[in-house]
Amino acid sequence: MIKNQQRIVVIGGGSAGIAAGIAAAEVGFQVLLIEKSAYLGGKATASEVGTICGAYRYSSTIQADLILKGFAKDFVEELAIVSKTKPLSNQYGLHYLPYNIQQFKQLSLKQLTEKGVEILLKTSVTNVYATSGQITAIELDQNGQKEMIEVAALIDASGDALVSKLLQLPLIQSSNYQAAAQIFTLSNLPDFGENQLNLIFMKNIHAAVLQDDLPAYYKAFSIVQGSKTAKSVKLKMTIPLEVNSTQVNLELLHKKGQEMANQFVQIQQTKSESMQSIQLESIADEIGVRVLERPMGKYVLTEDDVLSARKFDHAIATGAWPIEIWHPLKPLEMHYFNENEWYQIPVDCILSNEISNLYFAGRSISATDNAIASARVMGTCLQTGFAAGKIAVDVLKGLSIEESVSQIKILQIID
């Protein structure tokens, strides 16, 4: 069945897709958001990331300073209110917001629904059709039922360049990507604070490694800051396997993550009397895959753009998080720009070099491996998503890209 020609389709219901759907939802246009999972939020909820990074200025000051404007700022502030959380910081000058997973789902659904965005969950895009440099339609699969949808503009917020792969367009890709993470929740904990819990967890893991009860890679874990409640806490473990985009690899990562979460609990129970009663309450639905292939846009954001805090005339987003590279079997690698600085992302990173009505957002923007290691965080994804949605609807209204960018700069680019 062929539907409305003036329909803007967003693929991916993570932070970027949510922002894109809201930005595109103007009078006279229908917006359809397609998400493969059973709920909204993408990695923020399915992988239970737990903190919004990249929303605050990189600064050693105690007070967190939002570096966002417009929709992204409003979303982060409202999420803090409904989650009943405040920004936290570390010794390196990085500030981030803990949030409640269920509140993220509910806030996303509420805002999209209020804007009249049509949402299809548990739905996959199986084909994309293009003629003369324009996407005309997509094929959906919902519970085995195929349907054809006519498209006026398409926003790829899939996180893995889905549209470009289906259209066999050029990709920015590597043989392997950053290490994945497994997040899980422990319950029935003793009445200790996060720091004391972390010390006990670490002591027990180190003892198990020394006694050859565990491989050394089990030491690559951390408490998700701000996740501690009266009797539970979330932990993040780095998975010691190479990451690629094949389904087999993703299944191996998921299996390994579950195995490690269970083993972690068993070691804590046997190595410490205070931990004998702890339980593995839950494991995140999805493994935390940080980066996969990206589409090739009109411009490719580079590591030098990030570290030199480069500003662009046609900026559509502000990047405030350093380059963060996770390795399967090596320590976390961080590369910083100067304190109190930030970089900008130009519009050409979200514009397809091949298809005139295809836009990129979130982890699917055009960027090198190291550049996306900064730009992939949620504070930035909210902005690139909003920009993609705004440009998509503006172009359909007859505005030029330059005119749309001028409006975006007023709405969300800081001075």
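Everything below is about the structure printed above this text.
What counts and what doesn't
- Residues numbered from 1 in each chain as written.
- Predicted model: local features only at pLDDT ≥ 70, side-chain atom pairs only at ≥ 80, totals over all residues.
- Heavy atoms only, no water.
- 1 Å grid on protein atoms, 1.4 Å probe; cavity = no way out; pocket = protein on both sides within 12 Å on 5 of 7 lines; lining within 4 Å.
- Points joined across faces, edges and corners; volume = space filled by probe spheres on them.
- Nonpolar A, V, L, I, M, F, W, Y, C, P; charged D, E, K, R; others polar.
- Helix = DSSP H or I, 4+ residues; strand = E, 2+ residues; numbered from the N terminus.
- Buried < 20%, exposed > 50% of the residue type's maximum accessible area, 1.4 Å probe, protein only.
- Contact = heavy atoms within 4.5 Å.
- Salt bridge = Lys/Arg side-chain N within 4 Å of Asp/Glu carboxyl O.
- Core = buried A, V, L, I, M, F, W, Y, C linked by side-chain atoms within 4.5 Å.
- Pairing = 2+ DSSP bridges.
- Axes fitted to C-alpha atoms, helices over the stretch in contact; angles between N-to-C directions.
- Phe/Tyr/Trp six-rings, centres within 6.5 Å; stacked < 30°, edge-to-face > 60°.
- Lys NZ or Arg CZ within 6 Å of the ring centre and 35° of its normal.

**Q** I keep staring at the layout of surface pockets and nothing clicks. Help me out?
**A** Summary: where empty space remains is shown by rolling a probe the size of a single water molecule over the atoms. Reported here for the second largest pocket is a volume of approximately 350 Å³. Tyr99, Asn100, Ile101, Ser227 and Lys234 are, among the 21 residues lining the second largest pocket, the residues nearest its centre. By residue class, the composition of the lining of the second largest pocket is 5 nonpolar, 12 polar and 4 charged.

**Q** What is the right way to look at the side chain of Glu286 in this model?
**A** Secondary-structure assignment places Glu286 in the loop between β15 (279-283) and β16 (294-295). On the accessibility criterion, Glu286 (19% relative accessible area) is buried. Those residues in contact with Glu286 that sit more than four places away from it in its chain are Lys36, Ser37, Lys43, Ala46, Ser47 and Gln182.

**Q** Is there a simple way to explain the pattern of salt bridges in this structure?
**A** Proximity of charged atoms lets side chains of opposite charge pair with each other. This model, assessed by the stated rule, comprises 19 salt bridges. Salt-bridge contacts for Lys397 lead to Glu26; the nearest nitrogen and oxygen are separated by 2.9 Å. Linking Lys397 in the loop between α10 (378-396) and α11 (401-412) with Glu26 in the loop between α1 (15-24) and β2 (30-34), this pair joins segments that are 371 residues apart in sequence. Owing to a relative accessible area of 26%, Glu26 belongs among the partly exposed residues under this scheme. Ionic pairing is found between Asp213 and Lys271, a salt bridge with its closest N-O pair at 3.0 Å. Separated by 58 residues along the polypeptide, Asp213 in the loop between α6 (194-210) and β13 (221-223) and Lys271 in helix α7 (residues 247-271) bring together distant segments of the chain. According to the relative accessible area criterion, Asp213 is partly exposed, its value standing at 41%. For Lys271, a relative accessible area of 28% translates into the label partly exposed. The structure contains a network of salt bridges with shared partners spanning Glu26, Lys390, Asp394 and Lys397.

**Q** What is the right way to read the nonpolar core from this model?
**A** One broad rule of soluble globular proteins: the nonpolar side chains tend to lie buried together. Counting residues in hydrophobic clusters, the biggest one holds 109 residues, and the most contacted among them are Leu186 and Phe201. Broken down by element, the residue count for this core peaks at 9 residues, all from α10. Contact partners of Phe201, with chain neighbours within four places excluded, come to Leu186, Leu189, Phe221, Ile223, Val233, Leu235, Phe264, Gln268 and Met275.

**Q** Sorry, what's going on with the sheet that holds β13 here?
**A** In space, the 4 strands of this open sheet follow the order β13-β14-β12-β15, with antiparallel pairing throughout. Both edges of this open sheet fall to β13 and β15, since each of them pairs with a single strand only. This sheet shows a mean twist of 30° between the axes of neighbouring strands, independent of strand direction. In the sheet, strand β12 (residues 181-187) pairs with strand β14 (residues 232-238) via 7 bridges, with the strands oriented antiparallel. In the strand pairing of β14, Ile183 is matched with Lys236.

**Q** Just checking my understanding: could you explain the packing of aromatic side chains for this structure?
**A** Counted under the stated rule, the structure contains 12 aromatic pairs. With 5.2 Å between their ring centres and 50° between their planes, Tyr99 and Phe104 make a pair best called tilted. Taking relative accessible area as the criterion, Phe104 reaches 1% and is therefore assigned buried. Ring plane angle 70° and centroid distance 5.6 Å describe the contact between Phe201 and Phe264, whose orientation is recorded as edge-to-face. With a gap of 63 residues between them, Phe201 in helix α6 and Phe264 in helix α7 connect regions that are remote in the sequence. Both residues of the pair, Phe201 and Phe264, belong to the buried class. Through a chain of ring-to-ring contacts, three or more aromatic side chains come together here, namely Phe71, Phe75, Tyr99, Phe104 and Phe386. Here the basic side chain of Lys105 rests over the ring of Tyr39, its NZ or CZ set 3.7 Å away from the ring centre.

Purely geometric numbers; function is a separate question.
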